[in-house]
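If you want the building blocks of each chain, they are given just below.
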Amino acid sequence: MSNIVKIEHLSHKYTNSWAIRDINIEIGQTGIVGLLGSNGAGKSTTMNILCGALNQTEGNVYIDGISMREQPQLAKQQIGFLPQNPPLYMDLTVDEYLNYCAGLRLVPKDKMKQAILEAKLRCGIDHFSNRLLRNLSGGYRQRVGIAQAIVHRPKLVVLDEPTNGLDPNQIIEVRSLIKEIALDRAVIFSSHILSEVQVLCKDIKMIENGRIVFSDSMDAFNNYVEPHSVLVAMENPPALAEIEKIEGVTNVDVLTERQMRIYFNGDQSITERIVAASIHHGWRLREITLDKTALDEIFKQLSNKSPQENN
Ligand SMILES: Nc1ncnc2c1ncn2[C@@H]1O[C@H](COP(=O)(O)OP(=O)(O)OP(=O)(O)O)[C@@H](O)[C@H]1O
């Protein structure tokens, strides 16, 4: 089956600085792909171009083989988009709003009622048909936002930070809705929160400083970020040379008088060896924690590699 998205050598310049540079992405027909990047990395720029809301400076976007530059109307018909700040009209009811969106999406008049009903049922908002948007909770407003993104039955749905600003229960509900709509279409999901992408996505594209720095499956990413250090607190810490003698230890950073970060070669039984050495030598271990690499650190490591090394 052909890819639903093909992005080739995409670059964009705002006034005089490049926001994204030479982005290449291919996405299959179903499942959720995470676009992860810190604030200002270039996620929204990429998504806006992908959805035809912004014209790129260089490069090409194909949606289901259709060029966004050459046939924008046809390409856009394949896409549903929930931008970061969706334009929800608070004085409209759910039905009025979805009618309006379906009209914008050129859903034929005779199919509109059925299309809106399907989108509402899918998003669990059919019981709120006559409720004003202003009277819905944040989570339900986001469901309406997702309903407008699928009302024309697109093959690709693009969600820009869809769980931003929701409370933990609403996040869980919106996540399960996203999983469901990705069963029969492709979903691109952007976030700056690693754990969010980890629980939802089968593939991950990491963007930093406008460039793709990692592009692979979530499993490959999780292997990549396996912890390589432990945080340790001891009442009676030894000289560093003693710690370095423990099998597998590659380096030690002293953090405070009693705390240190011990780097190791990846073999996680290191914790047992540290505990055993501590008991044997009387170092009085108080705390030991595997240190999952912080997202900032991962970005830094990945940014220092060329995209080809990661893909
Ligand atoms: N309209 C604009 N004019 C000028 N510069 C812009 C504009 N929009 C974005 N930028 C810049 O382009 C870069 C990428 O921004 P973009 O919004 O795409 O990042 P992002 O990853 O979506 O960040 P966030 O999560 O904060 O939305 C940033 O340096 C940003 O300041």
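Residues numbered from 1 in each chain as written. Predicted model: local features only at pLDDT ≥ 70, side-chain atom pairs only at ≥ 80, totals over all residues. Heavy atoms only, no water.

Q: Help me understand the sheet that holds strand S2 (residues 17–27) in this model?
A: Remark on secondary structure: sheet strands pair via backbone hydrogen bonds, oriented parallel or antiparallel. A sheet is described by the order of its strands in space; here four strands give the open sequence S2-S1-S4-S5, paired in antiparallel fashion. One side of each edge strand has no neighbouring strand; the edge strands of this open sheet are S2 and strand S5 (66–67). Direction of pairing for strand S4 (residues 58–63) relative to S5: antiparallel, over a ladder of two bridges. In the strand pairing of S5, Tyr 62 is matched with Ser 67. Strands in contact with helix H1 (residues 43–50) are strand S1 (5–14), S2 and S4; relative to S1, the strand with the most contacts, it is inclined by about 120°. (Pairing = 2+ DSSP bridges. Helix = DSSP H or I, 4+ residues; strand = E, 2+ residues; numbered from the N terminus. Contact = heavy atoms within 4.5 Å. Axes fitted to C-alpha atoms, helices over the stretch in contact; angles between N-to-C directions.)

Q: Where do I start with the side chain of His 152 in this structure?
A: For His 152, the location among the structural elements is in the loop between helix H5 (138–150) and strand S7 (156–160). Here Ile 79 takes part through its backbone oxygen, which lies 2.7 Å from a polar atom of the side chain of His 152. If we skip the residues at most four places from it in the chain, His 152 touches Lys 76, Gln 77, Ile 79, Gly 80, Arg 105 and Val 107. (Polar contact = N/O pair within 3.5 Å; in protein donor to acceptor, adjacent residues only side chain to side chain.)

Q: In this structure, what is going on with the UniProt feature "domain: ABC transporter" (unreviewed entry) in the protein chain? I would like to understand it.
A: In the UniProt entry, the feature "domain: ABC transporter" (unreviewed entry) is given for residues 5–234. Here residues 5–234 runs as 35% helix and 30% strand, with 53 Å between its end C-alpha atoms. (UniProt positions renumbered as here; feature names shortened; annotations may be inferred.)

Q: What's the story with unusual backbone geometry in this structure? I'm lost.
A: Trans is the common state for peptide bonds, and a negative phi is the common state for residues other than glycine. Its identity is not glycine, yet Thr 15 carries a phi of approximately 45°, on the positive side. Take Thr 15: it is sitting in the loop between S1 and S2.

Q: Is there a simple way to explain the nonpolar core in this structure?
A: Within soluble globular proteins, side chains that are nonpolar generally end up buried alongside one another. Ranked by size, the top nonpolar core spans 48 residues in total, and within it Ile 146, Ile 178 and Phe 221 carry the most contacts. Not counting residues up to four positions away in its chain, the partners in contact with Ile 146 are Leu 82, Cys 123, Leu 159, Val 174, Leu 177, Ile 178 and Ile 181. Membership of the second largest hydrophobic core comes to 28 residues, among which are Ile 20, Ile 23, Ile 27 and Ile 207. (Core = buried A, V, L, I, M, F, W, Y, C linked by side-chain atoms within 4.5 Å. Buried < 20%, exposed > 50% of the residue type's maximum accessible area, 1.4 Å probe, protein only.)

Q: What am I meant to see in the pairing of strand S6 (residues 79–82) here?
A: On any regular strand, side chains alternate: one points to one face of the sheet, the next to the other face. Neither face of S6 is left uncovered, since the one carrying Ile 79 and Phe 81 and the one carrying Gly 80 and Leu 82 both have all their residues buried. Pairing of S6 with S7, which is carried by four bridges, proceeds in the parallel orientation. Looking at S7, one finds that Leu 82 is bridged to Leu 159.

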